Amino acid sequence: MQNDNSLIRDLKAKDERALSLLYDKYSGAIYSVILKMIRDEGKAQNLLQDTFMTVWEKAERYDETKGRFYTWVYRIAKNKTLNVLRKTDVLIQTDDFSVHTNKEDAISIEPEYLELNGAVTTLDAHHKEAIELVYFKGLTHKEAHQQMDVPLGTFKSYIRQALKQLRETYAKSLSLILLILNAL
Amino acid sequence: MDKKTLLENGLLEQYVLGELNTEQCEQIEQLLASDVELKAHFDQLEADFENLGLENAIPPPALVKSKLLKDLKTTPNETPKVVTLNKNNNTKVYLGIAASVAALLMIGSFWMYSQLNDVKEQLQIVEMNNTELNSTIEVLNVKLKENNASFNAIINPDTEQYILKGNALSPEAKVVSYVNHKSKSVIINTERLPELDADHDYQMWADVEGEMINMGVISKDKTIMTMAYIDDAESLNITIEPLGGNDHPTVERLVTNVYLR
């Protein structure tokens, strides 16, 4: 965090090296989210570049007292991707309804990019799906509970429980690391 | 909105995910700023979401980063002015070079043109000098021939020399005459004849049995000249006559004479 803070200060002072280091740290996570939302590698790369260009240009608007840098970048990426998806959706819907329903098939992406990794895979299927919908597919809670066909309240508790479980997993792996470090 | 509804309604999660409108965001930010416990919960939530993201990271192609860093340098609010200025500078430099080259060429042309004119003038002068020299040579040749003729006449063994000395009218006058009776020629040297005014000439006469016969008017711009040879002349006489000579000698103005033997 200390490291991030000084990097962000440099970023606001238009230091390209700071942007480069922050990109190295966060571009993978952000790229993954964009990819899973838009399912098109070319578009995802453009959006990733566009996102970090916005980060560069609007850096002074980031307020570290309101939240983490990653959250700020995540929101920028998500909004940009949703904008592109909405435009595409409008075009597809006005032109031909059948195309929209086939959208899932028309993906230009490696299937593995859509798979989830890490602690989230240890969750129960419905918890995992809830997280995937709001976090990686950019759906709102309202859209997601309709998609899963469960009441909004239930969906919200899925998210809460999923996050609680994730936190426990992370805490375990953290204590495991600490244990290993101690052992060494 | 209070802390309890915030937690129960999962609004904090939606806030992190950026699903809320500006008004809701502001309310949440106020609560977070005033409640340390809530802030700690929120920080945890953010950290979890970040971990989730980092665990699922997919490395993007290196090309994206290089394009991004390249684009930074051409960002509209940063460098374009510099870039265009640089371009302008480059064109200015090229224009400057071109202008200098053109200027040098022009100066060079002018210089060469003036040189050409100089050379033409010099050539004209040389041609003039050449013509002058040629005419001088012609004149000299004529004079040389005359002088040669005179010289040959003078050194001829048959030539007799008579000196005409000035009388009281012109005491300083002295004319040398070379008379050859065989080839019948008379040459005189008028070097020592005093100069006359513009209205008069010296004229030479031969005395044959008391009669003065014209031998010719003495030229003012020659010192050696040939006169007419008169047969049976007893003496040679020089008088001052009106310009161009006279039919009969003005005896009162006789300046010198010599008797031939």
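Residue numbering note: each chain is counted from 1, following its sequence as written. Whichever chain is written first is A, and whichever ligand is written first is 1; the rest continue in order. Selection of residues for local features in this predicted model requires a pLDDT of at least 70, selection of side-chain atom pairs for listing and counting requires 80 or more, and totals for whole chains, interfaces and linings are taken over all residues.

Student: Give a description of the overall build of chain A that names residues and reports values.
Tutor: Along its length, chain A carries eight helices and zero strands. Partly exposed residues are those falling between the two cut-offs: more than 12 but fewer than 20 other C-beta atoms within 10 Å of their own, whereas 20 or more means buried and 12 or fewer means exposed, with C-beta atoms placed from the backbone. Each of the 184 residues in chain A was classed as buried or not, and the buried ones make up 32%. Counting contacts in chain A only where the partners sit at least 6 residues apart, residues at least 24 apart contribute 59% of the total. Numbered from the N terminus, helices here are DSSP runs of H or I no shorter than four residues, and strands are runs of E no shorter than two. We call two residues in contact when the distance between their C-beta atoms, placed using the backbone, is within 7 Å.

Student: Report on the environment of Glu 50 of chain B, specifying residues and quantitative values.
Tutor: Within the secondary structure layout, Glu 50 of chain B lies in helix α4 (residues 36-55). With near-sequence residues (within four places) excluded, Glu 50 of chain B lies in contact with Arg 68 and Tyr 70 of chain A.

Student: Explain the confidence of the model for chain A to me, using residue names and the numbers behind them.
Tutor: Residue and element names in this part refer to chain A. Taken as a whole, chain A shows an average pLDDT of 84; of its residues, 87% reach a score of 70 or greater. The predictor reports its confidence for every residue as pLDDT, a score running from 0 up to 100. Least confident of the elements in chain A is helix α5 (residues 97-101), whose mean pLDDT is 41; most confident is helix α3 (residues 41-57), at 94. Contacts of residues 93-105 to residues separated by more than four positions or lying in other chains number four contacts, the stretch itself having pLDDT below 50.

Student: Could you give an account of the sheet that holds strand β5 (residues 211-217) of chain B, naming the residues involved and the relevant values?
Tutor: Residues and elements named next belong to chain B. Overall, antiparallel pairing links the four strands, which are arranged β5-β4-β7-β8 in an open sheet. What marks the edges here is a single partner per strand, and that holds for β5 and β8 (254-259). Neighbour to neighbour, the strand axes of the sheet diverge by 30° on average, direction disregarded. A pair of strands counts as paired when DSSP detects no fewer than two bridges linking them. Angular values range over 0 to 180 degrees, each being the angle between N-to-C directions of two axes fitted as lines to C-alpha atoms, with helices fitted over their stretch in contact.

Student: Explain the sheet that holds strand β3 (residues 185-189) of chain B residue by residue, including any values.
Tutor: Residue and element names in this part refer to chain B. On the basis of which strands lie adjacent, the open sheet formed by four strands has the order β1-β2-β3-β6 and antiparallel pairing. Every interior strand has two partners, whereas the edge strands, β1 (159-165) and β6 (224-227), have only one. Across the sheet, the mean angle separating the axes of adjacent strands is 25° when strand polarity is ignored.

Student: Tell me about the nonpolar core, residues and numbers included.
Tutor: Judged by nonpolar contacts, the single largest core of 58 residues is most densely connected at Ile 30, Ile 34, Val 73, Ala 130 and Val 134 of chain A. Listed by contribution, the elements that provide at least two residues to this core are α2 (16-38), α3, α4 (69-95), α6 (125-136) and α8 (152-183) of chain A together with α2 (11-16), α3 (22-34) and α4 of chain B. No other element matches the 13 residues that α2 of chain A contributes to this core. Beyond its immediate chain neighbours, meaning those up to four positions away, Ile 34 of chain A contacts Ala 44, Leu 47, Leu 48, Ala 77 and Thr 81 of chain A. Put simply, a nonpolar core is a cluster of buried Ala, Val, Leu, Ile, Met, Phe, Trp, Tyr and Cys residues tied together by C-beta atoms within 7 Å.

Student: Can you lay out the interface of chain A and chain B for me, pointing to particular residues and giving the numbers?
Tutor: At the interface, 43 residues of chain A touch 34 residues of chain B. Elements that contribute at least two residues to the side of chain A that touches chain B include exactly α2, α3, α4, α6 and α8 of chain A. Sorting elements by how many residues they give to the side of chain A that touches chain B places α2 of chain A first, with 10 residues.

Student: Lay out the packing of α6 of chain A against helix α7 (residues 141-148) of chain A in plain terms, naming residues and giving numbers.
Tutor: When two helices pack together, their arrangement is captured by the angle between the axes and the distance separating the axes. Residues and elements named next belong to chain A. Direction vectors running N to C along α6 and α7 enclose 140°, while the axes themselves pass 9 Å from each other. In terms of their interaxial angle, α6 and α7 are classed as oblique. Here α6 and α7 pass one another in a crossing that is right-handed. Between α6 and α7, the residues in contact are Glu 129, Ala 130, Leu 133 and Val 134 and His 141, Ala 144, Gln 147 and Met 148, respectively. Roughly parallel refers to an angle under 35 degrees, roughly antiparallel to one over 145, roughly perpendicular to one between 65 and 115, and oblique to any angle outside these ranges. Definitions for this section: a left-handed crossing has its near helix turned counterclockwise from the far helix by less than a right angle. A right-handed crossing has that turn clockwise.

Student: How would you summarise the pairing of strand β2 (residues 174-180) of chain B if you had to cite specific residues and measurements?
Tutor: Residues and elements named next belong to chain B. Direction of pairing for β1 relative to β2: antiparallel, over a ladder of seven bridges. Paired with Thr 159 across the two strands is Asn 180, which belongs to β2. Sheet analysis places β2 next to β3, joined by five bridges and oriented antiparallel. Bridge assignment links Val 176 to a residue of β3, and that residue is Asn 189. Two successive antiparallel strands, β2 and β3, enclose a turn made up of four residues, where Lys 184 displays a positive phi of approximately 55°.

Student: A description of unusual backbone geometry should follow, citing residues and the corresponding values.
Tutor: One non-glycine residue, Lys 14 of chain A, lies in the positive phi region at around 60°. Residue class for Lys 14 of chain A comes out partly exposed when judged on the 16 C-beta atoms lying within 10 Å of it. Its identity as a non-glycine residue notwithstanding, Glu 209 of chain B has a phi of 50°, on the positive side. Glu 209 of chain B gets classed as exposed once you count the C-beta atoms within 10 Å, which come to 8.

Student: Any details on the confidence of the model for chain B? Residues and values, ideally.
Tutor: All names here are of chain B. Averaged over every residue, the pLDDT of chain B is 87; the share at 70 or more is 94%. Low pLDDT (under 50) marks residues 78-85, which in the prediction has four contacts with non-local residues, meaning those over four places away or in another chain. Interface scoring of the predicted complex returns ipTM 0.84; its pTM is 0.55.

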